[in-house]
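Here are the chains, one letter per residue:
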Amino acid sequence: MQLFQKEQFCFYDGAMGTMLQRHGLRQGEAPDLMCLTHPEAVEAVHQAYLDAGSQILCTNTFGANRRNLAGSGHSVQEVVTAAVDIARRAAADRARVAVDLGPIGELMAPLGSLTFADAYEMFREMAVAGEQAGADFAAVETMADLAELRAAVLAVRENTQLPVLATMTFEHTGRTYLGTTPESFALVAEGLGVSALGVNCSVGPDALTPVVQRLGKVTSLPLIVKPNAGLPDHDTGTYALSPADFAQQMTAFAGLGVRLAGGCCGTDPDYIRALCAAFAELRPKQQKCDESVPLACTASTVVPLDDDVMLGTSLLGDHRAEFDQALAEGDFDTVLELVNEDLDDGADLICIPTDCGSDNARQSLQGILLELQGFITVPLAFVSKNAGDLEAALRVFHGKACVMAENGTDLDALAGPVLKYGAIIMGLQPPTE
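Residues numbered from 1 in each chain as written. Predicted model: local features only at pLDDT ≥ 70, side-chain atom pairs only at ≥ 80, totals over all residues. Heavy atoms only, no water.

**Some words on helix α12 (residues 320-329)**
Right, on to step 1. For α12, the complete set of buried residues consists of F323, A326 and L327. Considered in projection along α12, the buried side chains sweep an arc of 100 degrees and stay on one side of the axis. Turned more than 90 degrees away from the buried face of α12 sit A321, A328 and E329, all of them exposed.
Right, on to step 2. Where α12 is buried, its residues contact α13 (332-344), β12 (349-353) and α14 (359-372). (Buried < 20%, exposed > 50% of the residue type's maximum accessible area, 1.4 Å probe, protein only. Helix = DSSP H or I, 4+ residues; strand = E, 2+ residues; numbered from the N terminus. Arc of directions from axis to C-beta. Contact = heavy atoms within 4.5 Å.)

Shown next as structure tokens:
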């Protein structure tokens, strides 16, 4: 079975946790562990979605990471393997299985204490276990932090052959609760090589329509939509939309580039059945993505790289010696002061020299870049002649970066990290001294 059959929609499943509650999951219990304690209940949920029309079954592993399983007596490998086995048994040859990777459950630095390296390792464990157990895809879901999404996608892409289906969760504001815009998400995820991207959870279909429209303007990748069944009632917990209402609202996405549709919180097999019926006579349409001007971004800011873009280049010229000394000393405050001077002058992008000359300097650069992203919102442009130093910088930049080459730089030598992280080589030559 192909993932994206021409001129056909592909249907996900719906909520897992609330379905497991119908099968005995109690308040406070870890849903993922039911793969070991009550595998028949998990399989029954998968079977119900399959019978309703789901073509992709997500494993019951949303929170099965090392942090959440600590103290349970069970390993990530054990839980993920059991979950994939159950989903594959239910799917047989009628559906494909996606190993489900949800947020770690802790804020990433600098907002929290979870490091990029630790998040990457936890996602790597889950993805590798999922592939070894026979999953067809990795579904990176319900992300609010672009840095955490990058850690998950890189962990899957660098350690497995699994295609990645990536979704973030957006509020009524049109951003995730940590401020990521739809455009930034799409630019970064596509640059990292995901197979499809979109939205899940948070709100109902109608509220997500503007978000999906914005995604379609910056990416030509197949789009995913898995909304909630509206919002729950505070007193009863009942979700606002019936299966029929949910399915009717979902049909608006058929013309917006959506190819994969399903449900999240509050949905069950009846919602998926209604969704499949509502889409039976519809055909997907390709979104109209504007690729005329390349775009760089941070999580919150998108900058067109057109003739009007203003570069902050003082670290390459007037303040290069100060920057080099600050890098050698790990002096973040000086770097921030220099960068702020460029921002005060109206810079849209900040140019950062990344050739370090030593492992210590490379580590210092990564630390400064990670901290810098907590203080500025404009994208970065890296100037480098060394592929290793460039990769070190690109790896910790949680946006879509530019790469600019000085005269005489071998661009072919930089192509590897540029392609890997979805960066943009600019046709402009920054001034140097």
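**What about the packing of helix α3 (residues 39-52) against helix α5 (residues 76-91)?**
For any two helices packed against each other, the geometry is given by the interaxial angle and the distance between the axes.
Right, on to step 1. Where α3 contacts α5, the axes come no closer than 9 Å and their chain directions differ by 40 degrees. On the basis of the axis angle, α3 is oblique to α5. The interaxial crossing formed by α3 with α5 has right-handed handedness. Contacts from P39, V42, E43, H46, Q47 and L50 in α3 reach I86, A87, R89, A90 and A91 in α5.
Right, on to step 2. Of the residues assigned to the contact of α3 with α5, the class counts are seven nonpolar, two polar and two charged. (Axes fitted to C-alpha atoms, helices over the stretch in contact; angles between N-to-C directions. Parallel < 35°, antiparallel > 145°, perpendicular 65-115°, else oblique. Left-handed = near helix turned anticlockwise from the far one by under 90°. Nonpolar A, V, L, I, M, F, W, Y, C, P; charged D, E, K, R; others polar.)

**Let's talk about the pairing of strand β13 (residues 380-383)**
Note on strand geometry: in a regular strand, side chains alternate between the two faces of the sheet.
Right, on to step 1. What you see with β13 is no split at all: L380 and F382 on one side and A381 and V383 on the other are buried throughout.
Right, on to step 2. Pairing geometry for β12 and β13, over four bridges, is parallel. Within β13, the position partnered with I352 by the bridge is F382.
Right, on to step 3. For the handedness criterion, the β-α-β arrangement of β12, α14 and β13 is classed as right-handed.
Right, on to step 4. Sheet topology places β13 next to strand β14 (residues 402-404); three bridges connect them, and they run parallel. Bridging from a neighbouring strand, A381 pairs with C402 of β14. (Pairing = 2+ DSSP bridges. Right-handed = clockwise from strand over helix to strand, strands pointing away.)

**Focus: the packing of aromatic side chains**
Right, on to step 1. Counting across every chain of the model gives six aromatic pairs.
Right, on to step 2. Between F9 and F279 the ring centres are 4.8 Å apart and the planes differ by 85 degrees, which places this aromatic pair in the edge-to-face class. Taken together, the positions of F9 in the segment before β1 (10-11) and F279 in the loop between α11 (269-278) and β9 (295-297) put the pair 270 residues apart, joining distant regions of the chain.
Right, on to step 3. Counting every residue linked through ring pairs, the aromatic cluster contains F9, F11 and F279.
Right, on to step 4. The aromatic ring of Y12 is capped on one face by K226, whose charged end is 4.4 Å from the ring centroid.
Right, on to step 5. For the cation-ring pair, R395 lies above Y120, with the distance from its terminal atom to the ring centre recorded as 5.1 Å. (Phe/Tyr/Trp six-rings, centres within 6.5 Å; stacked < 30°, edge-to-face > 60°. Lys NZ or Arg CZ within 6 Å of the ring centre and 35° of its normal.)

**Looking at the nonpolar core**
Right, on to step 1. Ranked by size, the top nonpolar core spans 130 residues in total, and within it F123, L149, F185, L197, I352, L380 and F382 carry the most contacts.
Right, on to step 2. Of all the elements, α5 adds the most residues to this core, at ten residues.
Right, on to step 3. Filtering out sequence-adjacent residues up to four positions away, I352 remains in contact with L315, L316, F323, L365, L369, L380, A381, F382 and V383.
Right, on to step 4. Judged by nonpolar contacts, the second largest core, of 13 residues, contains A296, C351, A381 and C402. (Core = buried A, V, L, I, M, F, W, Y, C linked by side-chain atoms within 4.5 Å.)

**Topic: the packing of α12 against α13**
Right, on to step 1. Here α12 crosses α13 at 150 degrees, and the two axes come no closer than 8 Å. By the angle between their axes, α12 is roughly antiparallel relative to α13. Judged by the twist between their axes, the crossing of α12 over α13 is left-handed. Here E322, F323 and A326 of α12 come into contact with α13, specifically with T334, V335 and L338.
Right, on to step 2. Grouping the amino acids of the contact of α12 with α13 by side-chain chemistry returns four nonpolar, one polar and one charged.

**Some points on the state of the cysteines**
Right, on to step 1. Applying the stated criterion to the full structure yields zero disulfides.
Right, on to step 2. Residue C265 stays outside any disulfide, its sulfur separated by 3.7 Å from that of C201, the closest cysteine.
Right, on to step 3. Residue C289 stays outside any disulfide, its sulfur separated by 13 Å from that of C297, the closest cysteine. (Disulfide = S-S within 2.5 Å.)

**Considerations on the side chain of T209**
Right, on to step 1. In this structure, T209 sits in helix α9 (residues 205-216).
Right, on to step 2. On the basis of relative accessibility, which here comes to 16%, the residue T209 falls in the buried class.
Right, on to step 3. Aside from chain neighbours lying at most four places away, what touches T209 is F253 and L256.

**Some words on helix α7 (residues 146-159)**
Right, on to step 1. The terminal C-alpha atoms of α7 lie 20 Å apart, and with 14 residues this matches the ideal 20 Å at 1.5 Å per residue to within 8%.
Right, on to step 2. For α7, the buried fraction is high: eleven of the 14 residues fall into the buried class.
Right, on to step 3. Listed in full, the buried residues belonging to α7 are L146, A147, E148, L149, R150, A151, A152, V153, L154, A155 and V156.
Right, on to step 4. Taken together, the buried residues of α7 touch β3 (96-101), α6 (116-133), β4 (137-143), β5 (164-168), α8 (182-191) and α15 (387-396). (Expected span 1.5 Å × (residues − 1).)

**Remarks on the sheet that holds β1**
Right, on to step 1. Taken together, the eight strands give an open sheet; going across it, the order is β1-β8-β7-β6-β5-β4-β3-β2, and neighbouring strands pair in parallel fashion. Only two strands of the sheet have a single neighbouring strand rather than two, namely β1 and β2 (56-58).
Right, on to step 2. In this sheet, β5 lies alongside β4 in parallel orientation, the contact comprising four bridges. For M143, the partnering residue across the bridge sits in β5 and is M168.
Right, on to step 3. α7 rests against β3, β4 and β5 of the sheet, and its axis sits at about 170 degrees to β5.
Right, on to step 4. Against the sheet, α8 makes contact with β5 and β6 (196-200), and its axis sits at roughly 145 degrees relative to β6, the strand it touches most.

**Here's the deal with the pattern of salt bridges**
Right, on to step 1. Scanning the model with the defined rule gives 17 salt bridges in all.
Right, on to step 2. Linked by salt bridges that have partners in common, R66, E121, R124 and E125 make up one network. (Salt bridge = Lys/Arg side-chain N within 4 Å of Asp/Glu carboxyl O.)

**Notes on the environment of F397**
Right, on to step 1. Inspection of the secondary structure assignment puts F397 in the loop between α15 and β14.
Right, on to step 2. C-alpha separation for the pair F397 and Q373, spaced 24 residues apart in sequence, amounts to 7.8 Å.
Right, on to step 3. Excluding residues within four positions of it along the chain, F397 makes contact with R150, C297, T298, Q373, P379, L380 and F382.

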